[in-house]
Each structure stands twice: as structure tokens, then as C-alpha cells.
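What the coordinates show
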Amino acid sequence: MPRKNQVAILGGGPAGSICGERLAREGFEVTIYDEHLAWEKPCGGGLTHKALEAYPFLLTSPEPKKLVADVEMIASDGLRASFVLDSPIAVYSRKVLNGLLLDRATRAGCNVVRARVVQLEVDRPRARFESSGLWQEADFVVIAAGARNSLLPDGGQLPPEDLEITYGHFIPGISNVLKVKFVGGLEGYAWSFPRSQHLSVGICGNMAKHNSRELKSLLQEFIKGEGLDPRGAPVFSHVLPAPQAKTLRERSMIGSNWALIGDAAACVDPITGEGIYYAMRSGEILAECLIGENAQAYPDRAKAAFREELETASSISQRFYHGNFLGRSVTSRMIGFARHSATFRRLLADIFAGSQSYRTLKARLWSQLGITLVETTGSLLRGGQKITLKANA
């Protein structure tokens, strides 16, 4: 495929910004279109060690961020377990993060336009799109406008089964602890992520199984249990991908003159909801393929880099949220083990850091189960607590 020098990127979030930056540095003529530009997207804003290792400027930049190493996980019955990460998570306000990445794209040579693209046509050699009442053309269009944008070619809208609702508040306060709470029956979780000036406190759940009223009620219970006051705090709500394995395997990511990246390509971990790293990585890989004049290699390279890992996560997500192990829910048993076993806490820390692959997780769990049980039993006996591991579960 001949080099496509003029590229339009529809969406200025992490995926679109990093893709534009990489292309502009190689001499491409790049324009990024976004109706919001830097805005406070509703999400935790956490960047794991995996993301910081891949993009170290996110750790060294002067922009305000919160480095968090203390994690607390809460089971549906209120049981809590805490552990400390070897490498902290950097928690950004999404307005700050998006602004940082757009500034880098601008300095690299991208033209950034605050405008909404309302129509896209890709049925000709050069793509056409309408913005601000004008039709324009580009050699190649990168669609990075989120999971539910109306520009996806080939009827690519995700069904409710592949989406999750988020709802929450930005609550004033200072904390050094990142909290995650699992709720019985919820395919999702509640969270409290400390940022520089406030807490991002929210909840997420699969759109096909939960509604906003249910999520609001569960979130208020979590907020009350944590002693927080949401009165007057800004409210957020958004829809994000939570892709099924089949969707990740079969979703078209590229055509002759277009490609999907970030949320538009469903590049999100369906268990944790982590999307920023995968958004940036998808944008970077597409840029490398365009620079190498081999755009059609993008899906295979993305699969090798991370989409196969996301497929594995999707295949085990039902078991994670709704399964049972040794007589209790998987999430409750997980937190119980973390409360009493240093070995299991190290495993969870590696998952949070992004260094533990889902593809090797089962093997590691089984190889460490013996020592985990020994440590758990010893801890419970020393504390005089009753042991309730059901061998026939």
C-alpha cells in the first residue's frame, strides 16, 4: 500500500494524540479533530507500571498527578485486604492527561482543531468527512472518537453486551489509598482513586445487565461506607467498552483508508476496565504501520501486542465476577487470601502493575495455591479465627 501522507484523526484522547504525535514526527500531515479537546472524562485516570514503563514521560512530566502505592480491596461482605505496590500507579485528572498528550502532538507538528466530525465516507480512495458544515478529504482517517461514536464503518456499533456504564463523582478530599470494592451480583466494581485535588469515586457495570439507577444506589452505599460526602460534587456518567472475546476476535479494525484505535476499537481490559494504556498502544502501533507503509499489518500487530491478552481476560471475566472458589465468590476468596497470604498479595500487586499476564495467571495461581493455603491457614490460626474452606466446593 502506498504511503498515505495526509491523515485525519477523529478524536483527541490518548489514542488519537499518541498516534498523531508519532505520525507528525515522521513528516505526515496530521489534523486531529475533537469537539471537546482536553476534558474531564469520567474514569479513574490510573496509569499502571506497565503504562509508565512504555511511556516514561507520563511519570516525569511536570503536570499534576498523584503517585499511589497503597491499595485496598473490599469484598461484598466488607472484608478488606491491603497491599503495597512495588511501582506506584500514577493517577491523572483526564483533563490534565488529555491536555498533556495533545500538547505533545501539537509540538510534534499536528494541527489540532476543536470541531465535531458528523459524517464519514470511506467508499472511495480518499476518505471524506464533514466538519463544521464543510466536507474535507484525507488519504487516511483514524477513528478515535470513543466506543459509541456514529462514525464507525461497517455498522460497527458495539451492542450493550460489549459496553459498560460508569457513574460517579469528583469528591473533594485527599487520600493516599486506591480502593476497589466488589459488590455481589455486579459485573463491575466501585472505586475510589485519589487524584491531586480530589477523589474520583465511581462505579461501573455491564450495560446489558445493570442500569444507571442500580449503579447509583450501589455507589451511594459505597460512598457512605467510606465516610465520604458527595454533596455538591460534580457528577459524571459515561459508556465504555467491555468487549467479549468474540468481539475482540472478529471486530474489523482497519479498511483501505481507515482504522479504529482506542475505545473505538474496543481496546479495553474487560475485567479491570483499564483502557488508557491500550488506547495509547493501539495508536502507536497503527502509526508505526502507516510509517512503514504497511497499514494492513495493524490488526495482527495489535493482536500480538495486547489484543490476545484482552481476549483471555474476556474469556475469564464471567468466572471472575460470578464464579465461586472454595465455597465463596471468587472476589471474596481472592480478598480473603490477600488478607492472610503474602504470596497472594504479591500476585495481586503484579496484576495491578500489569506485569502478570492473564494467559499465565491460571498456571501461577495453581502453582502457588499450596503456599497460599498454608499462609492463610497459619494466619487464621494465629488470629484465632474460624477457617471456612469447603473442600467439596
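Residues numbered from 1 in each chain as written. Predicted model: local features only at pLDDT ≥ 70, side-chain atom pairs only at ≥ 80, totals over all residues. Heavy atoms only, no water.

All right, on to the overall build of the protein then. In terms of regular secondary structure, the protein is built from 11 helices and 18 strands. In terms of overall size, the protein behaves like a compact globule, its C-alpha atoms giving a radius of gyration of 22 Å where 393 residues would be expected to give roughly 21 Å. Dimensions of the protein, computed from C-alpha atoms along their principal axes, come out at roughly 70 × 45 × 40 Å. Per-residue burial over the protein gives 56% buried out of 393 residues. (Helix = DSSP H or I, 4+ residues; strand = E, 2+ residues; numbered from the N terminus. Rg over C-alpha atoms; globule rule 2.2 N^0.38 Å. Buried < 20%, exposed > 50% of the residue type's maximum accessible area, 1.4 Å probe, protein only.)

In the predicted model, the protein carries a mean pLDDT of 91, and the fraction of residues at 70 or more is 96%. Low pLDDT (under 50) marks residues 386-393, which in the prediction has 12 contacts with non-local residues, meaning those over four places away or in another chain. (pLDDT = per-residue confidence, 0-100. Contact = heavy atoms within 4.5 Å.)

Below, the discussion takes up the sheet that holds strand β6 (residues 111-114). Strand order across the open sheet formed by 5 strands is β6-β2-β1-β10-β16, with parallel pairing between neighbours. Two strands bound the open sheet, and with one partner strand each, they are β6 and β16 (258-260). If you compare each strand with its neighbour and ignore which way they point, the axes differ by 20 degrees on average. As judged from the 5 bridges shared by strand β1 (residues 6-10) and strand β2 (residues 29-34), these two strands associate in the parallel manner. Residue Gln6 lies in a different strand from β2, and its bridge partner there is Glu29. (Pairing = 2+ DSSP bridges. Axes fitted to C-alpha atoms, helices over the stretch in contact; angles between N-to-C directions.)

Of note in this structure, Ser132 is not a glycine but carries a positive phi near 55 degrees. Within the fold, Ser132 resides in the loop between β8 (127-131) and β9 (134-138). Owing to a relative accessible area of 61%, Ser132 belongs among the exposed residues under this scheme. With a phi close to 60 degrees, Ala266 is a non-glycine residue in the positive phi region. With respect to the secondary-structure elements, Ala266 resides in the loop between β16 and α7 (276-291). Using a relative accessible area of 0% as the deciding quantity, one classes Ala266 as buried.

Our next topic: the environment of Ala8. Looking at the element boundaries, Ala8 is found in strand β1. In this structure Ala8 comes out as buried when scored by relative accessible area, which is 2%. Sequence separation of Ala8 and Cys110 is 102 residues, and the distance between their C-alpha atoms is 9.9 Å. Aside from chain neighbours lying at most four places away, what touches Ala8 is Thr31, Tyr33, Phe129, Ala138, Phe140, Val141 and Val142.

Turning to the pattern of salt bridges, a few remarks are in order. A complete count under the given rule lists 23 salt bridges for this structure. In this structure, Arg124 and Glu121 form a salt bridge, with 3.5 Å as the shortest nitrogen-oxygen distance. On the accessibility criterion, Glu121 (23% relative accessible area) is partly exposed. Members of the salt-bridge network, linked through shared partners, are Glu21, Arg22, Arg25, Arg104, Arg281 and Glu284. (Salt bridge = Lys/Arg side-chain N within 4 Å of Asp/Glu carboxyl O.)

Counted by the stated rule, this structure contains 15 aromatic pairs. Clustering of aromatic rings is evident, with ring pairs tying together Phe170, Phe182, Tyr189, Trp191, Phe236, Phe320 and Tyr321. Across from the ring centre of Phe57, 3.6 Å away, lies the NZ or CZ of Arg104, which sits over that ring. Here the guanidinium or amino end of Arg128 rests over the ring plane of Trp135, the centre of that ring lying 4.3 Å away. (Phe/Tyr/Trp six-rings, centres within 6.5 Å; stacked < 30°, edge-to-face > 60°. Lys NZ or Arg CZ within 6 Å of the ring centre and 35° of its normal.)

Read across the open sheet, the 8 strands follow the order β3-β5-β4-β12-β13-β14-β11-β15; overall the sheet is mixed. Both edges of this open sheet fall to β3 (46-47) and β15 (235-241), since each of them pairs with a single strand only. Pairing of strand β11 (residues 163-172) with β15, which is carried by 7 bridges, proceeds in the antiparallel orientation. Residue Glu164 lies in a different strand from β15, and its bridge partner there is Leu240. With respect to the sheet, helix α9 (residues 330-340) is in contact with β4 (66-74) and β5 (80-91), its orientation differing from that of β5 by roughly 90 degrees.

Let us look at helix α4 (residues 94-108). Taking 1.5 Å as the rise per residue, α4 with 15 residues should run 21 Å; its terminal C-alpha atoms sit 21 Å apart, in good agreement. Among the residues of α4, Arg94, Leu97, Asn98, Gly99, Leu100, Leu101, Leu102, Arg104, Ala105 and Ala108 are the ones counted as buried. The N-cap of α4, judged by a side-chain oxygen 3.3 Å from the amide nitrogen of Lys95 a few residues on, is Ser93. One or two steps after α4, the chain reaches Gly109, where phi turns positive at roughly 120 degrees. (Expected span 1.5 Å × (residues − 1). Polar contact = N/O pair within 3.5 Å; in protein donor to acceptor, adjacent residues only side chain to side chain.)

With 67 residues, the main nonpolar core has Leu47, Leu58, Val141 and Tyr298 as its most contacted residues. Residues in contact with Val141, not counting those within four places in the same chain, are Ala8, Leu10, Leu120, Ala127, Phe129, Asn257, Trp258 and Ala259. Counting 35 residues, the second-largest nonpolar core is a separate cluster that includes Tyr189, Phe236, Ile271 and Met334. (Core = buried A, V, L, I, M, F, W, Y, C linked by side-chain atoms within 4.5 Å.)

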